[in-house]
Structures are given as C-alpha cells and as structure tokens.
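Fold and contact review
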Amino acid sequence: MKVKLWGTRAMVPAPHPDTQDYGGNTVCLEIAEEGAPTLILDAGMGLHWLGNNLLKGAYGRGQGDAHILLTHVHWDHIQGLPFFTPMLIPGNRACIYGPAAELASRLLAQMHESFCPVPNFFAEGIGADIDVVEVGDCTFDIGSLHITATRLNHCGVTGLGYRVEAGGRSIAYLPDVEYLEEAHREQVAAMVLGVDLLFHDAMLTAEEYPSHRGSGHCSIDDGIDVAGRAGVGRLVLFGHHPDRSDTEIDQILAACSGNGLQVDAAREGSEYTLQED
C-alpha cells in the first residue's frame with residue numbers, strides 16, 4: 001500500500017513563502033494498492049494537483065476509476081472537486097462516498113454557475129460517470145481495500161473517519177475530530193487500534209485549544225494520547241492550521257520527541273510505503 005500526500009492544510013489554502021516545506025493545499029491523500037482502483041481521501045485543493053498527475057495515465061484516456069472518501073462537506077474537504085480535471089473526461093468513472101446528510105445536493109450546490117466557473121460534471125452527459133454514495137458507521141470493500149467508516153464528533157456536523165486495510169497493513173484518517181467526552185476518545189482509540197499509519201487532526205496546539213473548545217478540532221496532544229493508547233505504528237500530524245509556518249511546525253514536531261511514538265508532520269508531496277505482511 002502506497003500513500004501520497006497532496007494537501008495537508010486545514011480550513012483554507014495557504015500558499016506563502018513560510019509554508020513551502022509542508023505545503024499550502026487543503027487536505028487530500030491518495031492510496032494506491034494492487035487490485036484496487038485509485039482511492040482518494042478528501043477533496044481539498046490538493047485534489048486538483050492529484051488530478052493533473054492522474055491525467056498522465058489512464059485518466060487522460062478516459063479509462064480511470066477513482067473512489068473518493070469524504071470525511072464531511074466543510075469547504076476545505078470538497079473545494080477541489082470542481083477542479084479535478086478527470087471528472088470532465090468522458091469514460092472516466094468516479095464514486096464519491098460521504099456522510100449520509102443530503103450529500104449529493106450539497107456537492108451540487110458548489111457546482112452552481114453562480115459560484116463555479118467549470119461545467120457541472122454532475123449533470124448527465126457531461127464528463128465522467130459519477131456516483132454518490134452516502135455512508136455512516138459501516139464497512140465495505142473497494143477492490144482489495146477494506147474500508148471502515150466511523151462517525152466522529154466534529155462541531156455538530158456529520159463527520160466520518162476512515163480506516164483502510166489491505167495485505168495486513170492499515171492506515172486511519174481523522175483530519176477533523178474533537179474529544180469533548182472520554183467516550184469520544186475511547187471510540188477513536190478502538191477504531192485506530194494497531195494501525196501502521198494514523199493521520200490525525202493537528203490544527204491546534206495544547207495552548208490554543210482551550211479558546212477553541214467546541215470548534216470540532218482537538219489539540220495535537222490529544223492526537224498523541226490517542227495514538228499511544230491505540231499502539232499505532234506512526235502518527236502523522238495532519239491538517240495544519242493555515243497560519244502555521246514551516247518553522248512553527250518544525251518546533252511542534254521537535255516537541256513531540258521522547259514520547260515513545262514515531263511522529264511525523266504531514267508534508268505535501270511525501271509518500272509512505274507499507275509492505276505486505
């Protein structure tokens with residue numbers, strides 16, 4: 001299983017000289033696994049650049065098959081969809097999964113001509129064949145990939161976290177989560193138990209969190225606590241605050257040393273390869 005990071009920021013894109021090392025695109029991951037179509041986690045602006053890369057292969061010929069797992073429909077998780085060029089090419093196929101809360105109509109809303117300068121590829125006869133699938137707490141398979149979707153606490157909206165497994169390896173993806181109760185923490189620790197890679201909400205430091213309690217985001221220390229409880233192989237701090245500079249992220253990462261965990265800070269363009277057992 002190979003994982004590539006195409007967007008690592010929360011809230012809004014952050015193109016700036018101070019964000020060049022860790023990247024400025026909003027959240028998007030790509031998972032490649034033998035026997036499975038392209039799997040994409042969230043559709044922030046990183047999705048545009050992923051799409052451009054996919055056009056070099058089957059997607060450029062109208063033979064691509066993409067499956068996109070959305071955690072929720074806050075704008076930083078869907079704003080890349082209109083600019084995912086493979087959607088405009090007939091013959092390609094895309095299946096978009098997300099929380100069961102009028103998902104299709106909410107995705108259509110941002111494609112309205114009042115807001116969006118590109119053709120509405122959700123309309124019949126334009127571009128790729130697109131399916132929209134609403135999911136809740138459930139498991140399902142996409143080719144050789146086994147997916148577990150779990151509802152998470154995120155500021156009152158229906159949000160999901162995902163666990164993806166194949167060949168005895170696993171990742172978990174929780175870019176937006178808050179632990180207002182111990183039950184929230186226990187639920188996530190059970191969901192991510194023993195995963196090789198955990199991509200976890202890292203938008204707020206412990207010092208910043210108290211003034212943002214109830215915003216739907218936890219602290220970086222919370223992520224470290226959950227990763228330790230669950231015995232994960234590696235924690236990747238993900239969804240950086242858009243105002244967080246590369247230097248500040250370096251300092252946060254340095255402060256995480258010595259806790260017994262392997263901790264990385266998500267860096268746009270980085271790749272992880274998990275070998276099968």
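Structure: above.
Bear in mind that the values here come from a model prediction, so they are computed numbers and not experimental data.

Among the 7 residues of strand β5 (residues 93-99), 6 are classified as buried, and the element is accordingly described as predominantly covered. Bridge count between strand β4 (residues 65-69) and β5: 5 bridges; the pairing is parallel. When the sheet's bridge partners are listed, His67 is paired in β5 with Cys95. At this point the chain moves from β5, through helix α2 (residues 103-109), to the parallel strand β6 (residues 129-135), and the crossover so formed is right-handed.

Turning to its location among the elements, Glu268 is positioned in the loop between β13 (263-265) and β14 (271-273). Judged by its relative accessible area of 28%, Glu268 is partly exposed. Counting along the chain gives 241 residues from Glu268 to Val27, while the straight-line C-alpha distance between them is 9.4 Å. If near-sequence neighbours (up to four positions away) are discounted, Glu268 is found in contact with Leu5, Trp6, Gly7, Thr8, Tyr22, Gly23, Gly24 and Asn25. A polar contact of 3.0 Å, which involves the side chain of Glu268, links it to the side chain of Asn25.

Before going further, it helps to examine the sheet that holds β5. If you trace the 7 strands from one edge of the open sheet to the other, you get β6-β5-β4-β3-β2-β1-β14, paired in mixed fashion. At either margin of the open sheet sits one strand with a lone partner, and together these are β6 and β14. In this sheet, neighbouring strand axes are inclined to one another by 20° on average, regardless of whether the strands run parallel or antiparallel.

Attention now moves to the packing of aromatic side chains. In this structure the tally under the stated criterion is 5 aromatic pairs. Summarising the aromatic geometry, the rings of Phe199 and Phe238 are spaced 5.9 Å apart at their centres and angled 80° between planes, so their arrangement reads as edge-to-face. Here Phe199 is found in strand β11 (residues 197-201), whereas its partner Phe238 is found in strand β12 (residues 234-238), with 39 residues between them in sequence. As far as burial versus exposure is concerned, Phe199 and Phe238 are alike and both buried. Ring plane angle 80° and centroid distance 6.0 Å describe the contact between Phe199 and Tyr272, whose orientation is recorded as edge-to-face.

Thresholds applied
Residues numbered from 1 in each chain as written. Predicted model: local features only at pLDDT ≥ 70, side-chain atom pairs only at ≥ 80, totals over all residues. Heavy atoms only, no water. Buried < 20%, exposed > 50% of the residue type's maximum accessible area, 1.4 Å probe, protein only. Helix = DSSP H or I, 4+ residues; strand = E, 2+ residues; numbered from the N terminus. Pairing = 2+ DSSP bridges. Right-handed = clockwise from strand over helix to strand, strands pointing away. Contact = heavy atoms within 4.5 Å. Polar contact = N/O pair within 3.5 Å; in protein donor to acceptor, adjacent residues only side chain to side chain. Axes fitted to C-alpha atoms, helices over the stretch in contact; angles between N-to-C directions. Phe/Tyr/Trp six-rings, centres within 6.5 Å; stacked < 30°, edge-to-face > 60°.

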